[in-house]
Structures are given as C-alpha cells and as structure tokens.
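Examination of the molecular architecture
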Amino acid sequence: MEVSATPILETKVESLHGIGPARALLFAALELRTVGDLLRHLPFRHEFEHAEEEVAAAALLVPPEGANLAVRGEIVAVRVTPGRKPRIEATLSDGSGTVRLVFFNAPWMKSKFHPGLRGIAEGKAKSRSGYIEMSNPKWTSLASGTAENAATEPASREARLRPVYAASESVSSALIEQTLAPLLLPACAAIQDPLPAAYRELHALPILGDAYRAFHAPRDLDELAAARRRLAYDELLTLQLAVAIRRRLREDGGASVLATSPRLEREIFARFPFKLTAEQVRAFHEIATDLGHSTPMNRLLQGDVGAGKTAVALSAMLLAKSSGAQSAIMAPTELLAEQHLRSISKFLEGSNVRVALLTGSLSASQRAALRVKAKSGEIDMLIGTHALLTDALEFQHLALAVIDEQHRFGVAQRAVLRSKSGVDRTPHMLVMTATPIPRTLALTVYGDLDVSVIRAKPMDRQKIHTRLLPSARADEAYQFLRTRIEQGEQAFIVVPAVENSDLGLKAVATHLTFLQQGALHGLRLASMHGQMKSEERDATMTRFLNHELDALVATVVIEVGVDVPNATVMVVEHAERFGLAQLHQLRGRVGRGTKGGVAILIGDATTDDGHARLEAIRSTDDGFKIAELDLAIRGPGEFFGARQSGLPPFVVADLTRDLPLLELARRDAVAWIARSPRLAAPEEVLLRRKILHLYGEAFGLGDVA
Ligand code: ADP
Ligand code: MG
C-alpha cells in the first residue's frame, strides 16, 4: 500500500486522477493549485436541479401554468422556421412519449441538433393541448450521442442542490465539481477549525469541515443554510477581530486627558450667540466624556447639513485650550477652511484663544512663521486644509484633531498627526460628516469609530421648500429666481455637466450664456465647476460671498459645506440625474440665513421609479431617511466607500441580510481581543495568520506584536 506523505489539502491538483500537467495549468489560471484551493473555491450560488421524469409521467405532472422539468432522451426531429427571428423546434423522445423543445433567437442551435443526439433538457415546461413544450430549455448533450451507448450514460438523477462555481471556458463549473467530489470528505475532515468549540456551541454553528462539505455538496436547504451561516460568520468575525486589533493598537500609548466641569461647559456655551440644541449638547457630552479619558477618542459626529456640527467641534476644541493643549481642524477645501476661520473667529471674539489658518496658498515665510508659533504654543487652534498633514509643521502639544467632511481618514493620516503632536501621545480624533453612514458600514469599514448623531436641526432654522417642475416650465423657475434676486437675495443654478456632450444635458458654460442672454439678463452671473483651478474657484466663491455676484451656475462642486447665508434659491437642472443624497446636500446650501430657502428641482422623470425619487425628496427633509432610501434604490452594490476601501470582498457574507450575524461577530471579537489582545495562544495561530493575511496591510496591523 502506498502512503502519501503530502497532507491532502496540500496535494497538487496535477497529481489528481484524470488531471495531467496541461489541465493543471488551466486550473492554475483560476488560482486552483491544490486540493485546499479547490475547497476554498466556494460556489457563488447553488442551483436546484430537478429530478428527471419520464415524459409519460411528466405529461400528467405538468399543470397548464407550467412547472420545472428535466427529461432525458433522443432528438427525433428538428424543424426550423426561418424568418427574421428563426424559431427552432426539436422533438425529444424518451420512449414513453415526446416533448417539444422550442428555441427562439438562437440560430446556432440549428447546427447543434440532429436526429439521434441524446441529452437532457431542463427548464420550464408547459402543457399545450396534449403535449409538453419547453421554451429555451437548458440542453446538455450526453456521450457521443447514439442510442447504443445510452447504457454508459450517468444514471438518471435525483432532485438535488448543485454548486455553481466561478469557472473558465476550459475549466467548467461541472469539472470543478467532479474534480472535488471524490476528495470532498477526506479534505473536509482535514480542515482544522480555528473557532473554539465554546463559540460554536453558543451560536449553534457546525464545525468548519462540515460547513465546507455542506456548502460544496448540500444535502438539502437546511444544511446549506447552516453551512452558509457558519462561513459568513467566519468572514465577519475575521474582519471584526481585525477591527478590534486596530482599535487596540490605536489606543496603545494613550492620549492627553482633557478635563471638563459644569462651569467650564457654561463658559464655553456662552460663547455662542444661540442656545445649543439638546442634541448638540448631548453630542458634546459624549465627546467630552471621551476626552476625559487617556484612551484616544475616535468618534464620528454625524449630522445633517446645517445641524450645527461646527459649534460642537469648537466646544471640544475649547476643552483642549482650557487644559493648555492645542487643537486643529482640517477641512477638505481652502474655501471651507476659511469659512471655519471666519465663524470660529467670530464665536471667539474677545477671548484669549489664538487662532491661525494654514492652507496651501500661504507663502513660504508665512508658513515658517506659523511653524514657529505652532511649536512654541503661541497658537491654540490651527485651522487648515490637507496642508496640515503635509507641511513640516509640528505642534507643542496637539491633543485634539477635528476632520471635517472627510470619510477616508485612515491609519496613515493618524500616524502623521501623532508624529506632529509634539508629545508621545495620540491626538483625540473627531471626524465630522453630513453623509449618514448605514449601520452595516458603521460596523464594518468604520467599525472602530464611536458615533454621535445630531438628528434635529436648530429650532430657528428656516425650512427649505422643495418644488418639482417639469423642464417645459423651467422659465417659471428663472422668473422666480429673478424676483428673489431683485429683493437682494442670491441663488445657485446647478447643472449636471461641465461641457456639452451628446447626452443633451445642460452644461455650465452654455447654460450661463443662455441665462445671461435670456431670463436672467442684466444680473451678475458667474460659473463654477471642478475643472477650474482651486484658486479661481475660491476667488469666485469669495465674490459670491461678498455679494458681488447674484447667482452661480455651477456643477455639484458647491455640494460640500459652503455657507452663504444670503443664498436662498437653489435651482437644479436635470434633477432626475442626481442621487437623492446629493440633491439633499445641494438644497442644504440654501436657507442657511434668516430667510427661508427654496429648492426648485427641474426634471422630467421618465420612469415611475424616477418620479417616486423626486417625490420622496420633495416630501421629506430628513437626511437619514433620504440616505436609507437612496441606498434602497441604488442597491447594496453601491455602498459608498466600501469598494474603494481596499478591503477584500466577502465571499459568503452579505451585508444586506447578515446584519444580525455581523453584530454577533462584533460582540464576539470585542470580547475576544479584550481577553487575548495579541491572539498569541497556540490555538489562535490559524486565526491570527488569516487576519494578518486579509487585513494586515489595509489596517496597518504590523505583526500584531
Ligand atoms: P453643519 O453641521 O452643516 O456643519 P454648521 O455648523 O455650519 O452646520 O451650522 C450651520 C449654521 O447654523 C451656522 O450658521 C451656525 O452658526 C448655526 N447654528 C449652529 N447651531 C445653532 C443653534 N443651536 N441655534 C441656531 N443656530 C445654530
Ligand atoms: Mg460643516
């Protein structure tokens, strides 16, 4: 007897029965080199295969409305109806009766069928005045196709679930299935389960080897569901463990403790010309609690456009100041940084807080001066753009960094801030966003962020009225706009394109001319779009802010954060082409002052769905509701950011339906890492290796040492 020295999972595909070096190469093209690879190559779906029926029996079984059927037999006649859409009819006989197979739009089938060919037809069958007809059935030819060798055909099959694998032209799903089949049981028996038995029992999960076996060759749907749950849990747990480790690494080294007190809080709140809303105060308390600990904060402040996030951030920054430490706030554009500077300076008027601005347009000498002050502690709050990260600047003691409207703020940027902080501690981090993050995402990609939410807007915030207009009535919008402008207000006109294209969409330059020569003649208009240089854009925006312009014809570049209190009207052309969340962000640009805002969405929705979307945006101004709607309409494939995050995709887990499992995995991972922060126990080796392999780089986990 031969004893193989190679463990089964490492056995090369090449050495398997029936696979030589040439075929092995074809398998290798699918990354299938060993039995272990085959086992990990999970089917991406399963197909229900029907039992074969005798035609005579089927004739009784198939109701007039149709049923799924599989029949095996021999083609006895082929007929082609020529024409623009040729129709091919083949008669299949199994001895007990005949079935008619009809193929539309498949002229190539003509050469495929010939009398004497044997095979299996499966698909939807209908009963038509006494005979059974199948339209476009799936056809599988058998053997070399003569009745004589029917004896060597595979036995008539039973109903079963069949795996469907990612395959190639030369390595079919069926071939993968056949290759794996004889090895499946011994290979699965060789799989070590990295999950401790206690977890398995607690969540009633099958052991890993059984789950693999059942996923490749399920006996029934229940078994498949249990296997799926186990494999999905593993994927989610691995990610959540990586997230928990990242969190532990971030928290290593600690942060500066920034204390608060009721008195200090009163002093801070007194800085604002308005009373903070209950939600702003609650968000502030959540932040202040974090800042009072030496564990670095990593918090997301989520709040709709105009919710008043800046006041909350500034309050936190003032806590840093009162502890004698520095803070910084980073905005995505110079314009927004300047806007923060203006509003923050206004709130701090008459205080001893020293504020400065750092952007890319500072001269070398200005930067040098700023660096000196940041290092010596003569600046308390530094407001800026990305230049904050790239400049050679160093702080005396940076305790808190606020990141405005930036989602992809990662490990690397955090490390940069830490290296600039001037102390051997990680700055507390507050990330602000107006884009609601669906719960599934908050738990995965952003899984180590705590979240504070400001749901309500300040009470005296003017409501934005949203109207829908068909494009044929666009003139009414321009007339309305003219009236408002003549009353001293300002407006945005948003178009979907920068340049004309064959899509026939309004574009910035031509629309500007069109309005200047027509409905808005004599008014001060300018254009703005993403292809302009940022200085040019900022200059235009500044003129708009100073009311040297009445209206801006722009693309969505104005979407992010711009605050022009005197702008009250927003006209969006081709509104049906924008995402719901985007329309919501856009209209949030108007009505930020004391006057009410009006958003006019000009568009011709061509579908019911399109109409429903526009109607939805008209009838609600709850940004969270809109984000959920948007997600529901665009589908899970569009989970923003998730794909660009550089994380490996899940194979089995599906975030749209596995939320409960995700939460389970998260709880388990947190408890696990609390108990075993380094995953250093011998029984954790496998898991740890897997985590590093999948997430080590993306999460900057190093070697988890
Ligand atoms: P966002 O959350 O979109 O960043 P901002 O912080 O820019 O919102 O706030 C929008 C406007 O609302 C600003 O002019 C701000 O001064 C004002 N504001 C903030 N909080 C309140 C409040 N509690 N009451 C009245 N106005 C407020
Ligand atoms: Mg803001």
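Residues numbered from 1 in each chain as written. Chains lettered and ligands numbered in written order. Predicted model: local features only at pLDDT ≥ 70, side-chain atom pairs only at ≥ 80, totals over all residues. Heavy atoms only, no water.

Structural notes on the overall build of the protein chain
Along the protein chain, the regular secondary structure elements total 25 helices and 21 strands. Looking at the 705 residues of the protein chain, the share that counts as buried comes to 50%. Sequence separation of 24 or more characterises 73% of the internal contacts of the protein chain that already satisfy a separation of 6 or more. A total accessible area of about 33,100 Å² is found for the protein chain, and carbon and sulfur atoms account for 54% of it. (Helix = DSSP H or I, 4+ residues; strand = E, 2+ residues; numbered from the N terminus. Buried < 20%, exposed > 50% of the residue type's maximum accessible area, 1.4 Å probe, protein only. Contact = heavy atoms within 4.5 Å. Areas by Shrake-Rupley, 256 points an atom, 1.4 Å probe, with all protein chains shown as cover.)

A few points about the sheet that holds strand S21 (residues 597-602)
Two modes of strand pairing occur in sheets, parallel and antiparallel, and in both the strands are linked by backbone hydrogen bonds. Reading across from one edge, S16-S21-S20-S17-S19-S18 is the order of the 6 strands in this open sheet, with parallel pairing throughout. Single-partner strands in this sheet number two, and they are strand S16 (464-469) and strand S18 (525-528). The average angle at which neighbouring strand axes cross in this sheet is 20°, direction not considered. Two strands pair when backbone bridges link them, and strand S17 (residues 490-494) and strand S19 (residues 551-554) are joined in this way by 4 bridges, in the parallel orientation. Its bridge partner lying in S19, Ala491 is registered against Ala551. Along the sheet, helix H20 (residues 534-545) contacts S17, S18, S19 and strand S20 (567-572); its crossing angle with S18, the most-contacted strand, is approximately 145°. Those strands touched by helix H21 (residues 580-587) are S16, S17, S20 and S21, and its axis lies near 150° from that of S20. (Pairing = 2+ DSSP bridges. Axes fitted to C-alpha atoms, helices over the stretch in contact; angles between N-to-C directions.)

Structural notes on the pairing of S19
Looking along a regular strand, one sees side chains alternate from face to face of the sheet. On S19, burial covers both faces: Ala551 and Val553 on one face and Leu552 and Ala554 on the other are all buried. Taken together, the 4 bridges between S18 and S19 define a ladder with parallel strand orientation. Across the sheet, residue Leu525 finds its bridge partner in S19, namely Ala551. A crossover connection joins S18 to the parallel S19 through H20; in handedness this β-α-β unit is right-handed. (Right-handed = clockwise from strand over helix to strand, strands pointing away.)

Looking at the side chain of Glu89
Relative to the elements of secondary structure, Glu89 occurs in strand S3 (residues 87-93). A residue is classified by how much of its surface remains accessible, and Glu89, at 9% relative accessible area, is buried. For Glu89, the side chain forms a polar contact with the side chain of Arg87, separated by 2.9 Å. Residues in contact with Glu89, not counting those within four places in the same chain, are Ala77, Val78, Arg79, Arg100, Leu101 and Val102. (Polar contact = N/O pair within 3.5 Å; in protein donor to acceptor, adjacent residues only side chain to side chain.)

Brief notes about the packing of aromatic side chains
Tallying each qualifying case throughout the model produces 9 aromatic pairs. Consider the rings of Phe492 and Phe544, whose centres lie 5.1 Å apart with planes at 50°: the pair is tilted. Of this pair, Phe492 sits in strand S17 while Phe544 sits in helix H20, placing them 52 residues apart in sequence. For Phe492, a relative accessible area of 1% puts it in the buried group. Residue class for Phe544 comes out buried when judged on its relative accessible area of 0%. A connected cluster of aromatic rings, assembled from ring pairs, spans Phe103, Phe113 and Trp139. The side chain of Arg467 reaches across the aromatic face of Phe480, ending 5.8 Å from its centre. (Phe/Tyr/Trp six-rings, centres within 6.5 Å; stacked < 30°, edge-to-face > 60°. Lys NZ or Arg CZ within 6 Å of the ring centre and 35° of its normal.)

A few points about helix H11 (residues 278-291)
Between its first and last C-alpha, H11 extends 20 Å over 14 residues, near the 20 Å set by a 1.5 Å rise per residue. Along H11, the residues that are buried comprise Glu279, Gln280, Val281, Ala283, Phe284, Ile287, Ala288, Asp290 and Leu291. The secondary structure elements touched by the buried residues of H11 are helix H10 (262-269), strand S9 (298-303), helix H12 (309-322), strand S13 (398-404), strand S14 (428-433) and strand S15 (450-454). (Expected span 1.5 Å × (residues − 1).)

Quick notes on the packing of helix H9 (residues 221-251) against helix H24 (residues 659-675)
Interaxial distance between H9 and H24 falls to 8 Å at its minimum, and their mutual angle equals 45°. Looking at the two axes, H9 sits oblique to H24. Handedness of the H9/H24 crossing: right-handed. Touching Arg229, Ala232, Tyr233, Leu236, Leu237, Gln240, Leu241, Ala244, Ile245 and Arg248 of H9 are Leu661, Leu662, Leu664, Ala665, Arg666, Asp668, Ala669, Trp672 and Ile673, all from H24. The class makeup of the residues in the contact of H9 with H24 is 14 nonpolar, 1 polar and 4 charged. (Parallel < 35°, antiparallel > 145°, perpendicular 65-115°, else oblique. Left-handed = near helix turned anticlockwise from the far one by under 90°. Nonpolar A, V, L, I, M, F, W, Y, C, P; charged D, E, K, R; others polar.)

A few points about the sheet that holds S9
One open sheet holds the 7 strands; their spatial order is S11-S12-S10-S13-S14-S9-S15, and the pairing between them is parallel. Of all the strands in the sheet, just strand S11 (355-358) and S15 have a single pairing partner and so form its edges. Ignoring which end each strand starts from, the neighbouring axes of this sheet average 20° apart. Pairing of strand S10 (residues 326-330) with S13 involves 5 bridges; the strand directions are parallel. By the bridge assignment for S13, Ala328 is matched with Ala401. Across the sheet, H11 is in contact with S9, S13, S14 and S15; its angle to S15 comes to roughly 160°.

Observations concerning H20
Between its terminal C-alpha atoms H20 stretches 16 Å, which fits the 16 Å expected from 12 residues at 1.5 Å a residue. Inspection of H20 places Asp538, Thr540, Met541 and Phe544 among the buried residues, and these make up the whole buried set. Considered in projection along H20, the buried side chains sweep an arc of 160° and stay on one side of the axis. Buried positions along H20 lie against helix H13 (334-347), S17, S18, S19 and S20. Phi turns positive one or two residues past the end of H20, at His547, with a value near 60°. (Arc of directions from axis to C-beta.)

Remarks on the confidence of the model for the protein chain
Scored by pLDDT, the protein chain comes out at a mean of 85, with 90% of its residues at no less than 70. Taken together, the stretch residues 635-645 has pLDDT below 50 and engages in 18 contacts with residues farther than four places along the chain or on a different chain. (pLDDT = per-residue confidence, 0-100.)

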